Amino acid sequence: MQISSKFQEKIINAFGQTGKSWLDSLESTIQTYLEKWELTSEGPVENLSYNYVIKVTDSAGAPFILKLGVPNFDTRNEMKTLQIYNGDGCAKLLKYDLEDGVMLLERLVPGRMLSTVSDEIVVIENYTKVWKEIRRPLLDGVSTPSLTHWFEGLTNYRNSGDSQIALKHVQAAEEFFQQVMDSSEGTELLHGDLHHENILYSEENGWMAIDPKGVAGDPYFDVVSFLVNQLDSKVDPKSILKLRVDTICEQLGLDRQRLLKASIALGTLYACWGIEDQDPDWDKTYQCVKWFIEFLE
């Protein structure tokens, strides 16, 4: 089995020795679950990120997804979040192993990404439909990580000594995060990464979400990853970003100023994370933050 050097490098950079050990046993783990769950591999998907994702079929030829991640809190939390969605607006979790970080998921067929749609208004309409479908309250007795914990990343950035992001923007992000949370009508379960590549088309159920992070926070924050995504190919990305903000506020009935504050806060955090992860595109997210600031002013 061939595992690309790019994927291996990403896993080791993110998880260190734990990631290396996981990679060393990955082929064996895959084989174990193919046999245990009576599956046949059709090979990995093209756009691997931090999980190894394989298209599989069962003994009757029905299509599924086998997803393997480094066993940790985030992997277990994703499984818990998928159980809460239970296939409503999000691909369904069918089987799982918490200890090994392995999931068998519904495969959305044909599984076309929202990023393949060229009409921006149509993209936004499909996005807002999925956004509304996956709103969920926090469940009593279910522990869900909080956005407040995520935003500790701004303090970590301050302490890193890096100065590529202006201190005034880090401070604004911290202030706006607190303002949005203080004015919140209540936190709920957020997908946490709801963008074009995590919304796929299903012939059976239409557009649906995949790969939820599962985090507690104000629903305005669940818009930001979509806003800043898939702008590179646009002739006038600033205008497209403004169109997204204005149209989403209209379609979802969101307060524009509040959404911009949430976007400045989370967009700045994304940029900080990008620098930490040595992502060469971190500055594109930071540019979006500067545009959000312009729109707010």
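Look a little higher up for the structure.
Residues numbered from 1 in each chain as written. Predicted model: local features only at pLDDT ≥ 70, side-chain atom pairs only at ≥ 80, totals over all residues. Heavy atoms only, no water.

I'm lost on helix H10 (residues 282–296) in this one. Help?
The α-helix advances 3.6 residues per turn, and as a result positions three or four apart in sequence lie on the same side. With 15 residues, H10 extends 22 Å from end C-alpha to end C-alpha; this agrees with the ideal 21 Å at 1.5 Å per step. Among the residues making up H10, those that are buried are Trp-282, Thr-285, Tyr-286, Cys-288, Val-289, Trp-291, Phe-292, Ile-293, Phe-295 and Leu-296. Next to the buried residues of H10 lie helix H6 (167–182), helix H7 (224–227), helix H8 (237–252) and helix H9 (256–276). (Helix = DSSP H or I, 4+ residues; strand = E, 2+ residues; numbered from the N terminus. Expected span 1.5 Å × (residues − 1). Buried < 20%, exposed > 50% of the residue type's maximum accessible area, 1.4 Å probe, protein only. Contact = heavy atoms within 4.5 Å.)

Explain the sheet that holds strand E8 (residues 199–202) to me, please; I cannot follow it from the model alone.
One key point about sheets: their strands pair by backbone hydrogen bonds, in either a parallel or an antiparallel sense. Taken together, the three strands give an open sheet; going across it, the order is E6-E8-E9, and neighbouring strands pair in antiparallel fashion. Every other strand in the sheet has two partners, leaving strand E6 (110–113) and strand E9 (206–209) as the edge strands with one partner each. Strand after strand, the sheet turns through a mean of 35 degrees between neighbouring axes, direction not considered. Packing against the sheet, helix H3 (residues 120–133) makes contact with E8 and E9, and its axis sits at approximately 55 degrees to E9. (Pairing = 2+ DSSP bridges. Axes fitted to C-alpha atoms, helices over the stretch in contact; angles between N-to-C directions.)

Before we go on, may I ask you to explain the sheet that holds strand E2 (residues 51–58) in this structure?
One open sheet holds the five strands; their spatial order is E1-E2-E3-E5-E4, and the pairing between them is antiparallel. Where the open sheet ends on each side, the last strands, each with one partner, are strand E1 (39–44) and strand E4 (93–97). Averaged over neighbouring strand pairs, the angle between their axes works out to 25 degrees when direction is ignored. When E4 meets strand E5 (residues 102–106), the two strands line up antiparallel, connected through four bridges. When the sheet's bridge partners are listed, Leu-93 is paired in E5 with Leu-105. The sheet strands contacting helix H1 (residues 5–36) are E1, E2, strand E3 (63–69), E4 and E5, and the helix crosses E2 at an angle near 15 degrees.

Sorry if this is basic, but what is going on with the state of the cysteines here?
Disulfide: a covalent bond connecting the sulfur atoms of a pair of cysteines. All told, the structure shown has zero disulfides when counted by the stated rule. Cys-288 supplies the cysteine sulfur nearest to Cys-272, a cysteine that is in no disulfide, at a spacing of 14 Å. On the basis of relative accessible area, Cys-288 is assigned to the buried category, the value being 2%. (Disulfide = S-S within 2.5 Å.)

How do you make sense of the pattern of salt bridges when you look at a structure like this?
Side chains carrying opposite charge are able to pair once their charged atoms draw close together. Overall, the coordinates contain 17 salt bridges when judged by the stated rule. Across the pair Asp-24 and Lys-20 runs a salt bridge whose closest N-O atoms are separated by 3.4 Å. In this pair, Asp-24 and Lys-20 are both assigned in helix H1, four residues apart and thus about one turn of the helix distant. In this structure Asp-24 comes out as exposed when scored by relative accessible area, which is 59%. Between Asp-211 and Lys-67 there is a salt bridge, with the nearest N and O atoms lying 2.7 Å from each other. Of this pair, Asp-211 sits in the loop between E9 and strand E10 (215–217) while Lys-67 sits in strand E3; the two residues are 144 residues apart in sequence, bridging distant segments of the chain. Several salt bridges converge on common partners, so that one network encompasses Lys-67, Glu-78 and Asp-211. (Salt bridge = Lys/Arg side-chain N within 4 Å of Asp/Glu carboxyl O.)

What should I look at first to understand the nonpolar core in this one?
Soluble globular proteins tend to pack their nonpolar side chains together in the buried interior. Within the largest apolar cluster, 73 residues are counted, with the highest numbers of intra-cluster contacts made by Tyr-127, Ile-165, Phe-221, Ile-248 and Phe-292. Per-element accounting of this core gives the leading share, eleven residues, to H9. Listed in part, the 20 residues of the second largest apolar core include Trp-22, Leu-34, Val-70 and Leu-104. (Core = buried A, V, L, I, M, F, W, Y, C linked by side-chain atoms within 4.5 Å.)

Help me understand the packing of aromatic side chains in this model?
Two aromatic rings are characterised by how far apart their centres lie and by the angle between their planes. Applying the stated criterion to the full structure yields eleven aromatic pairs. Of the aromatic side chains, those joined through ring pairs into one cluster are Phe-7, Trp-22 and Tyr-52. Taking the ring centre of Tyr-50 as reference, the NZ or CZ of Lys-10 above it sits at 5.3 Å. Looking at Arg-244, its charged tip hangs above the ring of Phe-226, at a distance of 5.2 Å from the centre. (Phe/Tyr/Trp six-rings, centres within 6.5 Å; stacked < 30°, edge-to-face > 60°. Lys NZ or Arg CZ within 6 Å of the ring centre and 35° of its normal.)

Teacher, can you tell me more about a negative patch on the surface here?
On the surface, a cluster of negative charge is contributed by Glu-276, Asp-277, Asp-279 and Asp-283. Summarising the element assignment, Glu-276 is placed in helix H9. (Patch = residues over 30% accessible without salt bridge, like charges linked within 9 Å, V, L, I, M, F, W, Y side chains within 5 Å. Areas by Shrake-Rupley, 256 points an atom, 1.4 Å probe, with all protein chains shown as cover. Lys, Arg positive; Asp, Glu negative; His and termini not counted. Charge placed at Lys NZ, Arg CZ, Asp CG, Glu CD.)

I would appreciate a short explanation of helix H2 (residues 73–85) in the present structure.
Here H2 is 13 residues long and its end C-alpha atoms lie 18 Å apart, about the 18 Å a rise of 1.5 Å per residue gives. Packing partners of the buried residues in H2 comprise E3, E4, E5 and strand E7 (188–190). Two or three places before Asp-74, at the start of H2, stands the capping residue Asn-72, its side-chain oxygen 3.1 Å from that residue's backbone nitrogen. Just downstream of H2 lies Asn-86, where phi reads positive at about 55 degrees. (Polar contact = N/O pair within 3.5 Å; in protein donor to acceptor, adjacent residues only side chain to side chain.)

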